[in-house]
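# Examining the three-dimensional arrangement
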Amino acid sequence: MTRNSSNRTNIKIVFLVVAAFLVACDQIIKYFVYAYLKPVGSTPVIPGVLQLSYYENDGAMMGMMGGKTLLMTLLAAVCIGGILFVILSGKLQSLFELGCITLMLAGGLGNIIDRIFRGFVIDYIEVLFVDFYIFNFADCLVTCGAAAVLIFEFYQMFQGKKKEKAVND
(Lines give C-alpha, C1' and ligand atoms only; values in the text may rest on other atoms or scores of the structure.)
Protein backbone atom coordinates (compact mmCIF):
# COMPACT_ATOMS: atom_id res chain seq x y z
CA MET A 1 0.00 0.00 0.00
CA THR A 2 1.42 3.35 -0.96
CA ARG A 3 1.67 6.27 1.41
CA ASN A 4 -0.94 8.21 -0.59
CA SER A 5 -3.54 5.40 -0.46
CA SER A 6 -2.83 4.90 3.24
CA ASN A 7 -3.43 8.62 3.82
CA ARG A 8 -6.73 8.45 1.90
CA THR A 9 -7.82 5.46 3.98
CA ASN A 10 -7.03 7.38 7.17
CA ILE A 11 -9.05 10.37 5.94
CA LYS A 12 -12.05 8.13 5.19
CA ILE A 13 -11.79 6.61 8.67
CA VAL A 14 -11.68 10.07 10.26
CA PHE A 15 -14.81 11.15 8.40
CA LEU A 16 -16.63 7.94 9.34
CA VAL A 17 -15.66 8.47 12.99
CA VAL A 18 -16.98 12.04 12.77
CA ALA A 19 -20.24 10.67 11.32
CA ALA A 20 -20.50 8.15 14.17
CA PHE A 21 -19.89 10.91 16.72
CA LEU A 22 -22.62 13.09 15.16
CA VAL A 23 -25.05 10.15 15.14
CA ALA A 24 -24.28 9.56 18.81
CA CYS A 25 -24.92 13.25 19.57
CA ASP A 26 -28.24 13.06 17.71
CA GLN A 27 -29.34 9.96 19.60
CA ILE A 28 -28.31 11.40 22.98
CA ILE A 29 -30.28 14.58 22.28
CA LYS A 30 -33.32 12.51 21.24
CA TYR A 31 -33.02 10.39 24.39
CA PHE A 32 -33.25 13.51 26.55
CA VAL A 33 -36.03 14.97 24.42
CA TYR A 34 -38.01 11.73 24.80
CA ALA A 35 -37.34 11.46 28.52
CA TYR A 36 -37.80 15.09 29.56
CA LEU A 37 -39.63 17.01 26.81
CA LYS A 38 -42.28 14.43 25.89
CA PRO A 39 -44.01 14.68 29.30
CA VAL A 40 -44.31 18.50 29.08
CA GLY A 41 -44.87 18.82 25.30
CA SER A 42 -43.21 22.21 24.74
CA THR A 43 -40.91 24.62 26.44
CA PRO A 44 -39.80 28.07 25.22
CA VAL A 45 -36.12 28.69 24.54
CA ILE A 46 -36.42 32.25 23.19
CA PRO A 47 -40.02 33.41 23.68
CA GLY A 48 -41.75 34.15 20.39
CA VAL A 49 -38.74 32.92 18.40
CA LEU A 50 -37.79 29.35 19.30
CA GLN A 51 -39.19 26.59 21.43
CA LEU A 52 -38.62 22.90 21.97
CA SER A 53 -41.74 20.88 21.13
CA TYR A 54 -41.98 17.10 21.22
CA TYR A 55 -43.31 15.64 17.97
CA GLU A 56 -43.37 12.08 16.62
CA ASN A 57 -42.93 12.20 12.82
CA ASP A 58 -43.89 8.95 11.09
CA GLY A 59 -43.40 10.39 7.60
CA ALA A 60 -40.80 12.37 5.72
CA MET A 61 -39.67 15.95 6.02
CA MET A 62 -42.39 18.49 6.69
CA GLY A 63 -44.86 15.75 7.57
CA MET A 64 -45.12 14.45 4.01
CA MET A 65 -45.94 10.77 3.50
CA GLY A 66 -47.23 10.32 7.04
CA GLY A 67 -47.53 6.70 8.12
CA LYS A 68 -45.06 5.47 5.51
CA THR A 69 -42.31 4.54 7.97
CA LEU A 70 -41.25 1.38 6.12
CA LEU A 71 -41.00 3.18 2.78
CA MET A 72 -39.08 6.07 4.36
CA THR A 73 -36.73 3.61 6.07
CA LEU A 74 -36.01 1.82 2.79
CA LEU A 75 -35.43 5.09 0.90
CA ALA A 76 -33.13 6.35 3.65
CA ALA A 77 -31.21 3.06 3.62
CA VAL A 78 -30.67 3.34 -0.14
CA CYS A 79 -29.43 6.94 0.24
CA ILE A 80 -27.13 5.98 3.12
CA GLY A 81 -25.76 3.10 1.04
CA GLY A 82 -25.07 5.50 -1.82
CA ILE A 83 -23.33 7.96 0.48
CA LEU A 84 -21.20 5.21 2.02
CA PHE A 85 -20.25 4.02 -1.47
CA VAL A 86 -19.16 7.54 -2.46
CA ILE A 87 -17.11 7.94 0.73
CA LEU A 88 -15.44 4.53 0.54
CA SER A 89 -14.86 4.59 -3.23
CA GLY A 90 -12.47 7.52 -2.92
CA LYS A 91 -14.15 9.33 -5.81
CA LEU A 92 -14.30 12.60 -3.90
CA GLN A 93 -11.07 14.53 -3.99
CA SER A 94 -12.31 17.52 -2.03
CA LEU A 95 -12.24 17.31 1.76
CA PHE A 96 -15.01 19.90 1.81
CA GLU A 97 -17.31 17.68 -0.26
CA LEU A 98 -16.38 14.70 1.88
CA GLY A 99 -17.30 16.71 4.97
CA CYS A 100 -20.63 17.72 3.45
CA ILE A 101 -21.67 14.20 2.61
CA THR A 102 -20.45 13.06 6.02
CA LEU A 103 -23.00 15.45 7.55
CA MET A 104 -25.67 14.01 5.27
CA LEU A 105 -24.66 10.46 6.25
CA ALA A 106 -24.81 11.23 9.97
CA GLY A 107 -28.19 12.93 9.72
CA GLY A 108 -29.63 10.12 7.63
CA LEU A 109 -28.35 7.50 10.05
CA GLY A 110 -29.70 9.41 13.04
CA ASN A 111 -33.20 9.47 11.59
CA ILE A 112 -33.12 5.91 10.26
CA ILE A 113 -32.21 4.67 13.74
CA ASP A 114 -35.36 6.36 15.03
CA ARG A 115 -37.50 4.81 12.31
CA ILE A 116 -36.13 1.32 12.92
CA PHE A 117 -36.24 1.31 16.73
CA ARG A 118 -39.16 3.67 17.46
CA GLY A 119 -41.27 3.56 14.30
CA PHE A 120 -41.06 7.36 14.03
CA VAL A 121 -38.53 10.18 14.09
CA ILE A 122 -38.38 12.45 17.12
CA ASP A 123 -38.57 16.11 16.10
CA TYR A 124 -38.25 18.92 18.63
CA ILE A 125 -36.92 22.21 17.23
CA GLU A 126 -39.74 24.64 16.50
CA VAL A 127 -39.12 28.06 15.00
CA LEU A 128 -41.98 30.35 16.01
CA PHE A 129 -41.43 33.58 14.05
CA VAL A 130 -42.15 31.85 10.71
CA ASP A 131 -44.67 29.16 9.87
CA PHE A 132 -42.26 26.24 9.61
CA TYR A 133 -42.17 22.58 10.55
CA ILE A 134 -40.68 21.01 13.65
CA PHE A 135 -37.32 19.38 12.95
CA ASN A 136 -34.29 17.88 14.73
CA PHE A 137 -30.49 17.89 14.82
CA ALA A 138 -30.24 15.10 12.21
CA ASP A 139 -32.42 17.13 9.83
CA CYS A 140 -30.05 20.08 10.33
CA LEU A 141 -27.07 17.89 9.43
CA VAL A 142 -28.70 16.63 6.22
CA THR A 143 -29.88 20.10 5.20
CA CYS A 144 -26.58 21.87 5.93
CA GLY A 145 -24.55 19.14 4.21
CA ALA A 146 -26.76 19.15 1.11
CA ALA A 147 -26.91 22.95 0.89
CA ALA A 148 -23.16 23.31 1.33
CA VAL A 149 -22.32 20.71 -1.32
CA LEU A 150 -24.76 22.33 -3.78
CA ILE A 151 -23.26 25.77 -3.20
CA PHE A 152 -19.77 24.29 -3.59
CA GLU A 153 -20.71 22.55 -6.86
CA PHE A 154 -22.28 25.72 -8.28
CA TYR A 155 -19.17 27.65 -7.26
CA GLN A 156 -16.94 25.06 -8.95
CA MET A 157 -19.09 25.21 -12.08
CA PHE A 158 -18.93 29.01 -12.11
CA GLN A 159 -15.15 28.95 -11.64
CA GLY A 160 -14.80 26.46 -14.51
CA LYS A 161 -16.84 28.66 -16.85
CA LYS A 162 -14.82 31.68 -15.77
CA LYS A 163 -11.54 29.89 -16.57
CA GLU A 164 -12.97 28.59 -19.85
CA LYS A 165 -13.98 32.13 -20.85
CA ALA A 166 -10.51 33.48 -19.96
CA VAL A 167 -8.87 30.81 -22.15
CA ASN A 168 -11.21 31.58 -25.08
CA ASP A 169 -10.68 35.38 -24.87
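Above this note sits the structure.
Residues numbered from 1 in each chain as written. Predicted model: local features only at pLDDT ≥ 70, side-chain atom pairs only at ≥ 80, totals over all residues. Heavy atoms only, no water.

## Points about the pattern of salt bridges
In total, this model carries four salt bridges according to the counting rule given. Residues E56 and K38 are paired through a salt bridge, measuring 3.7 Å at the closest nitrogen-oxygen approach. Here K38 lies in the loop between helix 1 (3-37) and strand 1 (42-46) and E56 lies in strand 2 (residues 50-57), a separation of 18 residues in the sequence. According to the relative accessible area criterion, E56 is partly exposed, its value standing at 33%. With relative accessibility at 36%, the residue K38 sits in the partly exposed group. Between R118 and D114 there is a salt bridge, and its shortest N-O distance comes to 2.6 Å. Taken together, the residues R118 and D114, both in helix 3 (residues 95-118) and four residues apart, mark about one turn of the helix. Judged by its relative accessible area of 29%, R118 falls in the partly exposed class. (Salt bridge = Lys/Arg side-chain N within 4 Å of Asp/Glu carboxyl O. Helix = DSSP H or I, 4+ residues; strand = E, 2+ residues; numbered from the N terminus. Buried < 20%, exposed > 50% of the residue type's maximum accessible area, 1.4 Å probe, protein only.)

## Looking at the sheet that holds strand 3 (residues 121-127)
Ordered by their spatial adjacency, three strands build an open sheet running 1-2-3, and the pairing between neighbours is antiparallel. Both edges of this open sheet fall to strand 1 and strand 3, since each of them pairs with a single strand only. Direction aside, neighbouring strands of the sheet carry axes that sit 30 degrees apart on average. Where strand 1 meets strand 2, four bridges bridge the pair, whose relative direction is antiparallel. Bridging across to strand 2, P44 finds its partner in Q51. (Pairing = 2+ DSSP bridges. Axes fitted to C-alpha atoms, helices over the stretch in contact; angles between N-to-C directions.)

## Here we look at the layout of surface pockets
Estimated volume of the second largest pocket: approximately 160 Å³. Lining the second largest pocket, in full, are R8, I11, K12, V86, I87, G90, K91, L92, Q93, S94, L95 and L98. Considering each element in turn, the lining of the second largest pocket owes the most residues, three residues, to helix 1. Its residues assigned to classes, the lining of the second largest pocket shows six nonpolar, three polar and three charged. (1 Å grid on protein atoms, 1.4 Å probe; cavity = no way out; pocket = protein on both sides within 12 Å on 5 of 7 lines; lining within 4 Å. Points joined across faces, edges and corners; volume = space filled by probe spheres on them. Nonpolar A, V, L, I, M, F, W, Y, C, P; charged D, E, K, R; others polar.)

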